[in-house]
Amino acid sequence: SIAVLLAGCGGGGGGDDTTPAATSFPVQQALTYAYTNGLQKTLNLTGTANSAGTVYPVTGTLTFTLGAATGTTFNNAAAFKSATTVSGTLPVNGQSELLNSSGTGYLNTSYAPIAVTTTTSYCIAITPAVFPASVTAGATGPVVTYNCYTDSTKSAPIGTVVQTYVTTAGPNNTLNVTLN
C-alpha cells in the first residue's frame, strides 16, 4: 500500500490556536497536483517475506517515485502517462534484498487511472477510477478494478486487481490516505 500525506486546508491568523481543524480534505485536488508535478516519498515497510515455506520478518524503507504525467493516447483517446518506481534494499533473514519495481500508469484527462503496465502485466480498468472529491478521516471505499493480462494482446488473463482507499487522521491537521 502506498500512503500519501495530504495537508489539510485551513486558514490561519496570527498565531492563535482557535482555527478549527479541517474536517474534509480535497483528495482529487491533491492527486491532480501529484500527477502534474510528480511526487517522491519514503515508505516505511513492515511485513513478512516467504522463502521456500519459511516466513521471515521484514522491516525497512522504500522510495516511491511518481513521475509527472505527460500527454499521450491510450486506446485511441487522449490520456496522460506517468512512470512509477518503488525501490530500496530490505533485510530478509540477515541478507540484503534489492527491490526495484517500475511501471507506467495511464490516466484519463481528469487524472483518473485507466490502466497500469509493467514488463510482466497489462492491467485495464473495467471503468475509470473514481476518487472522491474530498474525504474525512475514517473514510474507506473502492477506487478501481483492473482486469490484468500478460501483455497488450489481452490473450492470457492473469487475474483481477481491486484498489481501495482508507483514510486516517494524521498529525497537525493532515490526512493519511492509504491505497491498497
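Scroll up for the structure.
The paragraphs below set out a description of the structure included in this document. Keep in mind it's a predicted model, so treat the numbers as computed, not measured.

Further remarks concern the side chain of Gln-163. Its place among the elements puts Gln-163 in strand β10 (residues 157-170). Looking at Gln-163, the relative accessible area reads 19%, which means it is buried. Residues in contact with Gln-163, not counting those within four places in the same chain, are Phe-131, Pro-142, Val-143, Val-144, Leu-179 and Asn-180.

Bringing the state of the cysteines into the picture now. This structure, assessed with the given rule, holds one disulfide. One disulfide bridge connects Cys-123 with Cys-148, the sulfur atoms lying 2.1 Å from each other. With the S-S bond torsion at 115 degrees, the cross-link from Cys-123 to Cys-148 turns out right-handed. Separated by 25 residues along the polypeptide, Cys-123 in strand β8 (residues 122-125) and Cys-148 in strand β9 (residues 140-149) bring together distant segments of the chain. Pair check on accessibility: Cys-123 and Cys-148 agree, each one buried.

Further remarks concern the pairing of strand β3 (residues 54-66). As judged from the 13 bridges shared by strand β2 (residues 39-51) and β3, these two strands associate in the antiparallel manner. Note that in β3 the partner of Ala-49 across the bridge is Tyr-56. Hairpin geometry of β2 and β3 is characterised by an intervening segment of two residues between the two adjacent antiparallel strands and by a positive phi of about 55 degrees at Ala-52. Bridge analysis of β3 against strand β5 (residues 77-92) gives four bridges, and the strand direction is antiparallel. By the bridge assignment for β5, Phe-64 is matched with Val-86.

Rules used in this analysis
- Residues numbered from 1 in each chain as written.
- Predicted model: local features only at pLDDT ≥ 70, side-chain atom pairs only at ≥ 80, totals over all residues.
- Heavy atoms only, no water.
- Helix = DSSP H or I, 4+ residues; strand = E, 2+ residues; numbered from the N terminus.
- Buried < 20%, exposed > 50% of the residue type's maximum accessible area, 1.4 Å probe, protein only.
- Contact = heavy atoms within 4.5 Å.
- Disulfide = S-S within 2.5 Å.
- Pairing = 2+ DSSP bridges.

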